[in-house]
Amino acid sequence: MKEESKNRNLLNSSSVRSNNRVRVLNYLHQAGGATQTEIRDALHLSGPTVIQTLQEFREMGLVGEGESLPSQGGRKPRTSVFQYDAWHSVGVEIRRRHVDIRVLNLKGELAAGRTFRLPYAGDTGYWRQVERLIGEVLRERENQSPVLGTAIGFPGEISPDRERILRATVLGIEEIPVSRIREAFSGLVQVEYGANAGAFGLVWRTGLQDAVYVIITDNGVAGAIIIDRKIYRGKNGRPAAFGHVPLNPDGIPCSCGSRGCWAAYGSLTYLTGSEEPDLKGFFRRLEEGDPICAGRWEQYLSYLAQGLASVHLAYDLDVIVAGKLTPYLEKWVNRLEEKIRAYPVLKKEPPFIRLNTVTDNPIAEGAALMLIDSFLNDSLDQMGFEEILARDRK
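None of the values given here were measured: they were computed from a predicted structure. (Residues numbered from 1 in each chain as written. Predicted model: local features only at pLDDT ≥ 70, side-chain atom pairs only at ≥ 80, totals over all residues. Heavy atoms only, no water.)

Here's the deal with helix 12 (residues 333–341)
One full turn of an α-helix is made of 3.6 residues, so residues set three or four places apart face in the same direction. The cut-off we apply is this: Burial classes: relative accessible area under 20% of the type maximum marks a residue as buried, over 50% as exposed, and values in between as partly exposed (1.4 Å probe, protein chains only). The helix and strand labels rest on DSSP assignments: H or I over at least four residues marks a helix, E over at least two residues marks a strand, and numbering proceeds from the N terminus. The directions considered for the arc run from the helix axis to the C-beta atoms. Contact criterion: two residues are considered in contact whenever any of their non-hydrogen atoms come within 4.5 Å of each other.
What helix 12 keeps buried is the set Val333, Leu336, Glu337, Lys339 and Ile340. Down the axis, helix 12 shows its buried residues gathered within 155 degrees of arc, on one side only. For helix 12, the elements touching its buried residues are helix 10 (291–315), helix 11 (326–329) and strand 16 (353–355).

A few points about the nonpolar core
This is how the line gets drawn: Here, the term nonpolar core denotes a set of buried Ala, Val, Leu, Ile, Met, Phe, Trp, Tyr and Cys residues that are joined through side-chain atoms within 4.5 Å.
Formed by 80 residues in total, the largest nonpolar core has its most connected members in Leu62, Ile94, Trp127, Ile152 and Phe154. Sorting elements by how many residues they give to this core places helix 13 (residues 362–376) first, with nine residues. Discounting residues that sit within four places of it in the chain, Trp127 has contacts with Ile94, Tyr120, Gly122, Ile152, Phe154, Ile181, Ala184 and Phe185. Formed by 37 residues, the second largest nonpolar core is a distinct cluster that contains Ile216, Val221, Phe283 and Ile353.

Some details on helix 3 (residues 47–59)
Rules: For a helix, the expected span equals 1.5 Å multiplied by the residue count minus one.
Over its 13 residues, helix 3 extends 19 Å from the first C-alpha to the last, a length consistent with the 18 Å expected when each residue adds 1.5 Å. Those residues of helix 3 that sit buried are Val50, Thr53, Leu54, Glu56 and Phe57. In an axial view of helix 3, the angular spread of the buried residues amounts to 155 degrees, which keeps them on one side of the axis. Phi for Gly61, located one or two positions after helix 3, is positive at around 80 degrees.

Quick look at the environment of Gln83
For Gln83, the position within the fold is in the loop between strand 3 (78–82) and strand 4 (88–94). The class for Gln83 is partly exposed, based on a relative accessible area of 30%. With residues up to four places along the chain from it excluded, the contact list for Gln83 reads Gly61, Leu62, Val63, Gly64 and Leu106.

Some remarks on the side chain of Ser267
Assignment of secondary structure puts Ser267 in the loop between helix 7 (262–266) and helix 8 (268–272). By relative accessible area, which is 5% here, Ser267 ends up buried. Among all residues touching Ser267, those that are not within four sequence positions of it are Thr217, Asp218, Asn219, Gly220, Trp262 and Tyr300.

In structure tokens form, the structure reads like this:
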């Protein structure tokens, strides 16, 4: 009994220590810098706890010395400043024909990024090529900081434990163990459903509370549900599969094997009529009065309005539209809302469409932010601060 009590006390002590470190780290991350006294008073921690925690973070390179402040009697207080470039995080979006790689610092700022043409293959050679391209992007950074790991935003359903890719119809695959992907990488690798990654990034950067997130991609439409600043994952890890809601049961074929899905009519490939969507060229021709582009765009807006109206009626939330189309969609929002209000049940509905123009690369950046958030909360794939520090020292 004494041994059990001793082990329980050790466990509780370790848990409290970890929690205190998370609180101090997140406080500094949000504030940018603070004195020991400010941290102690804000978090109601003891002076020795704050001193010890800050020393650990200095050893990790996460905290640096700031300026000295005027003395209130005794030694001048000095601020501890969060070092946002102490580590970087890599986010990757997998597409049918491309990979998008973004590197962010701990503040979520872009350190480097490029998009490469690389048709999806899924074998070990493909993933080794992805890692090689990541290395190429990492070498372009101005600050060559150590890397936390790589988070991959995948265009398909991920198991709740994030250890299996259940299905990705746009790639024609199912039941792929994530361990097969990790074999090709030398560092930490996590996989997330692409739309969830994009939605998480928006929440992380804006503090969004509740919304439905719809992202338009080259090959379809995907979604996520945000409730109380958290991503709702559903019973089987595949909520918000809006892309496979049928808009026209007798319509064009979809990658899922059905016909007339929103993904088929909502893809940028469908809009532009090209497997390599050129939005800049499409909208230039639209502005010039090209009748083919005008017809495509009007039909596309009709299907988009149908899909967004259905989502709003189902969830009664604002709908965030994200992806490469949003910068071009801004000037057409009024026309889109006219089409939505053409549905009698939505005739008097206040505007509920919002465009996410924070980034043109929401999936890759959102995936990278997921790693950063896990690191800041000492839960990086079960790898704690000590393990991260030990790995960096090797």
